[in-house]
Amino acid sequence: MHQKIQFEVSYESKLMSTTATIPFSDVRVGMRARVASYTKDQPELRRLAEMGLTEGTEFEVVKVAPLGDPIEISLRGYRLCLRRKEADGLLIVVIS
Amino acid sequence: MPKLESPTGAQIARVALVGNPNAGKTTVFNALTGSFQKVGNYPGVTVEKVEGAFTQGGKRYHLIDVPGLYSLDVVSEDEQVARDVLAGTGTQESKPDLLICVMDGNNLERNLFLFSQLAELGLPIVCAMTMTDVAKDKGVEIDDAHLSRLLGVPVIRIVGHKGEGVAQLKDAVSHALLERPTASAIRTKLLSDLRDSFARAGYDYSTEQLESEVAHRPEKLLSDAEPFPEIQDLLTRIRSNQIEPRDRYKWAESITQEVVRVSEAHRIKRRSDALDRIVTHRVFGLAIFVAVMYVMFQSIYTLAAPIMDWIEGGFAALSTWVGPMVESNEILASFLTDGLITGVGSVVVFLPQILILFFFISVLEGSGYLARAAFLMDRSLGWCGLNGRAFIPLLSSFACAIPGIMAARVMPDQRSRLATILVAPLMSCSARLPVYLLLIGAFIEPRFGPAWAGFTLFAMHFMGLIVAIPVVLILNRRVIKGKRLPFVLEMPPYQWPKWKDVALTLLNRAKVFLKIAGTIILFMSMVVWALLYFPRSDADEVAYRSAYASLSEDVKQSISEENFILERQTENSYLGRFGKFIEPVFVPAGFDWRISTGILAAFPAREVVVPTLGIIFTVGSDADEESESLRSQLVSAKWPDGRPLMTPWTAIGLMAFFALCAQCMATLATVRRETGSWKWPLFMFTYMTALAYVAAVAIHQLSRLF
Ligand SMILES: Nc1nc2c(ncn2[C@@H]2O[C@H](COP(=O)(O)OP(=O)(O)O)[C@@H](O)[C@H]2O)c(=O)[nH]1
Ligand SMILES: [Mg+2]
C-alpha cells in the first residue's frame, strides 16, 4: 500500500500543509477519513460529489461486503455503498 | 403556458412530485391521490410514468410522480426524463405549474442539494418533509418553520402512510399556486455574497438590481468588478450558472446546521447496525440470503401452483361452456376455444406467480432488506457488468421471465436494468421443462441411463446462465448506450413494510399485466390461431378421409382417423406450409419440416410445442411430455431416405434451441411494456433466435464429425 501514498495539498487546508492521501480503494473498516481531492475530472466521478462526497467531507467506513466489495460508508447522516474501483479517483486523508 | 381544461371548465393545475430516490415520493403520491393512478411509460425509454389526480377546493390537480433523482445535471436516463418533465421539453406536455419537492427529513443535506437546483427552475415550490416520524425516534428535531423562512417556500411535514399532513399539503399546494412563492437557495446566497463583496469594494447594489443586471446588461457590473478577482469569480459563477456540488453542499450544510437539532440519542449507534452485523455477515448474511430466496421461490412454486391449476381449469371450463354454444359454426368455435380462450388463458395463468413475487419484492424493499441483498450480491454480478440488484430478476426468470423482467424495476440504474431485462429470458423458465422432459425421455434416458438424463437437464438450465455472461458483456460494450455511472447504493434503516403500499403495488402490477394479456397477446393469439387453422375446406376433409380409408390396417391400428385428419389439416395450414418452405433453413440443424413447424408454432408460447408435435406426429393434440406414444413416434421417425430423423445429438440440438430461443410473445410484450418501445423486444427476439439457431446447427454439425 505504501507506494500508493501520495503527497498532495489538500483542498481544505488553509495552511498549505502537506497531508498524506490514499486512494479510496485502500480504506479499512472503522476508518474515519476526509475527502481530499479528485484525481481525475471525470463526469462519472461527479456523481460521487453529488451524493455528498465533496472535498472536505468526512466519512466513516462502516462495512465491507463479504466478497470484498462494495464498501458501506456513513456520511452526512446517511449510508452509502460504493465499489472500490469506481471510487478510486477519490483521494482521501485518513483521520483515524 | 397552456393549461388543460376540465369538462366543467375549471382549470387543471399540473403538479410534479420531485425528490431523491427513496425520499418518499410514491408514498406522498399515494396519500394524495388514493388509488387513482395511471401507470405507463415515458415514450421511448425504460422509465415508468405514474400519474394521478386529486381535488382540493373544487379545483382539480393533475399529479406526476417524477422519477427519483439525485441531481438535475443529467447523467442517467431517469434524470434526463425528470429534467424533460420539469422543463416541459422532450414530450408534448407543458411545464408543470408547481413542484412538490419531497425531502427526507433524516437526510436533509443531500435532499437540500437537489432543492438548490430545483429552486433555479423558477417554478413555485412546496416542500413535503417525510420521515419525520423516524427522525423523532432518532432524536432528530427539525425546525420546519425556520426552514421554510430560509428556503422561502412552505415546508409541510407529512407521514403519507398514516395520512398525517395530507390535508395541509393539499392546502399549501392550492395557496402556492396563487401566491407563487419563489424559492431562495444557493443562487440567492451567491447574489447576496456578490452584493456584500461589491459593498466592500464601495459599490452599492441591491440583490434585485444585481439579479436583473446579471441577466440583462452585465457590462457595467463586469467593468466595476475589473480590479477585484474575487468579485469577478463570483460573477462568472453566477452568470454561467456553473455552481459546483461543493458550493451547493456548503449551502446545504449551513441550512442544516440552523434547522436540525440532534439530541444525544442520535449519537448512539443505529439499531439497524446491530441487525446488519448479522444480516450482512460473511457467513450468517449469506445463509440468511439463501434462506430468504429459498422461501421466496418455494412460495412462488407451491403457492402459485394450485391457483394456476384453478385458472387453467377455469379457462378450460369456459372453453367447454362456450364451445357447444357456437357448435354450428366450426370456425367460430375453433377460434373462440383454441384461439381466444386458450391464448389469453395461457398468459393469465402467470398472474399468481407475478403477484407472489411482487408481494415478496415489495415487502423486502419496504423493510430495507433488498438493499442488503444487493450489497451482498454485487460482487458476484458486478464483474460482468450487472450489479447486485439484478439477482432477484434473474433468479425469478428461472420460474418465468415475465415476472423476472417486471422485477428488474428494482434496479434504479437504467443501463443495468436494460441489460438485465435483455438476458432474463435466457434463464431457463419452467415452460421449457416439458420440451426437455419429452426429449430426454425419448433419446437420453433409454440409451444412457438416468445419470446422463439428469445431467442433460442440469446442463440445459445452466446453459442460459453461461451464455448470458458474454451477452451482457457485449450488450454493455456495444449495444446499450450512455455513460456508465458508478454504482451507488443507499442503505436505508430497517423498517416495517407498509401493507397499504404493498397492496397498491400488487394492484398496479396486476393491472399492467392484464392489460398486456388483453391487448397484444390477444391479438397475437388470434393471428397464430388463424395461421394454424386456415385454409381448411370440406373438400379437403373428404379427401383426407378417403386417404385414411385406403391405408393398410396396420397403420390404421396405430393412427386414429381423427388424428390423421388433424395432422393433414395442420400440414396443409399456412403455418404447416411455411414449415415446409423453411425446412432447408433448419436442415443444417438436422430438423425436418415437422420439427420446423413445431418450432414455428411455438414462437407465440413455447409450451405449445409438445401438443403441436403431438398433432404432427399423429398422436393427437392431447399429448404431453410424458406421452410414450409421442416419444416412440419421435424415435422411429425417418427422413424420406430412411435415415432416422433424430439422434440423441439432434435432440440435444433441439433442446438447446428451445433453451436459447425467444419463443414467448408474452415475454416480448412485457419487454415492450417495460422498455417503452418495440426496439428492445425486436432486438431480443433477433439475438436470441440467432443464438438458438447457431447453437442447434453447431451441435448437429459437430456430432457428425464423430
Ligand atoms: N417511516 C416512514 N417511512 C416512510 C415515509 N415515507 C416513505 N416511507 C417509506 O420509505 C420507503 C421509500 O418510500 P417511497 O415512497 O417508495 O420513495 P420514492 O422512491 O421516493 O418513491 C418506503 O418503504 C416507504 O414506506 C414516512 O414519512 N415515514
Ligand atoms: Mg417511487
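Above this text sits the structure in question.
So, here is what we can say about the structure in this document. (Residues numbered from 1 in each chain as written. Chains lettered and ligands numbered in written order. Predicted model: local features only at pLDDT ≥ 70, side-chain atom pairs only at ≥ 80, totals over all residues. Heavy atoms only, no water.)

**Observations regarding the interface of chain B and chain A**
Counting residues at the interface gives 42 residues for chain B, matched by 33 residues for chain A. The interface formed by chain B and chain A includes six salt bridges. The salt bridge involving Asp378(B) is made with Arg83(A); its shortest N-O contact spans 2.7 Å. At the junction of chain B with chain A, the criterion picks out 15 residue pairs in polar contact (both at pLDDT 80 or more). Elements with a contribution of two residues or more to the side of chain B that touches chain A: helix H3 (108–118), helix H11 (245–259), helix H13 (271–279), helix H17 (369–382) and strand S10 (488–490) of chain B. Considering each element in turn, the side of chain B that touches chain A owes the most residues, six residues, to H17(B). Across the side of chain B that touches chain A, the residue classes tally to 15 nonpolar, eight polar and 19 charged. (Contact = heavy atoms within 4.5 Å. Salt bridge = Lys/Arg side-chain N within 4 Å of Asp/Glu carboxyl O. Polar contact = N/O pair within 3.5 Å; in protein donor to acceptor, adjacent residues only side chain to side chain. Helix = DSSP H or I, 4+ residues; strand = E, 2+ residues; numbered from the N terminus. Nonpolar A, V, L, I, M, F, W, Y, C, P; charged D, E, K, R; others polar.)

**Focus on the packing of aromatic side chains**
Residue and element names in this part refer to chain B. Taken as a whole and judged by the stated rule, the model has 23 aromatic pairs over all chains. Centroid distance Phe 578 to Phe 581: 6.2 Å. Interplanar angle 25 degrees. Geometry classified as stacked. In this pair, Phe 578 and Phe 581 are both assigned in helix H27 (residues 574–581), three residues apart and thus about one turn of the helix distant. The exposure class assigned to Phe 578 is partly exposed, which follows from its relative accessible area of 38%. Aromatic side chains Phe 683 and Tyr 687 sit 5.6 Å apart centroid to centroid with 35 degrees between the ring planes, which places their arrangement in the tilted category. Note that Phe 683 and Tyr 687 are positioned in helix H34 (residues 679–705) at a spacing of four residues, about one turn of the helix. Phe 683 sits in the partly exposed class, given a relative accessible area of 26%. Judged by relative accessible area, which is 12%, Tyr 687 ranks as buried. Here the aromatic cluster, defined as three or more aromatic residues joined through ring pairs, consists of Phe 586, Phe 591, Phe 657, Phe 658 and Tyr 693. (Phe/Tyr/Trp six-rings, centres within 6.5 Å; stacked < 30°, edge-to-face > 60°. Buried < 20%, exposed > 50% of the residue type's maximum accessible area, 1.4 Å probe, protein only.)

**Comments concerning the pattern of salt bridges**
Pairs can form between side chains of opposite charge once their charged atoms are near each other. This model, assessed by the stated rule, comprises 30 salt bridges over all chains. Between Arg372(B) and Asp276(B) there is a salt bridge, and its shortest N-O distance comes to 3.0 Å. A residue pair is termed long-range when its members are at least 10 positions apart, and Arg372(B) in helix H17 and Asp276(B) in helix H13 qualify at 96 residues. Of the two residues, Arg372(B) and Asp276(B), both sit in the buried class. A salt bridge links Arg545(B) to Glu541(B); the shortest N-O distance between them is 2.8 Å. Remark: Glu541(B) and Arg545(B) occur in helix H24 (residues 538–549); sequence separation between them is four residues, near one turn of the helix. Here the salt bridges share partners, and the residues they tie into one network are Arg46(A), Arg47(A), Glu50(A) and Asp73(B).

**Here we look at the packing of helix H23 (residues 499–533) of chain B against helix H33 (residues 665–675) of chain B**
Residues and elements named next belong to chain B. Interaxial distance between H23 and H33 falls to 10 Å at its minimum, and their mutual angle equals 125 degrees. Viewed along their axes, H23 and H33 adopt a mutual orientation that is oblique. Crossing hand, H23 versus H33: right-handed. Across from Val 512, Ile 516, Ile 520, Ile 521, Met 524 and Ser 525 in H23, the residues of H33 making contact are Met 665, Ala 666, Ala 669, Thr 670, Arg 672 and Arg 673. (Axes fitted to C-alpha atoms, helices over the stretch in contact; angles between N-to-C directions. Parallel < 35°, antiparallel > 145°, perpendicular 65-115°, else oblique. Left-handed = near helix turned anticlockwise from the far one by under 90°.)

Read these as layout, nothing more, since geometry by itself doesn't imply function.
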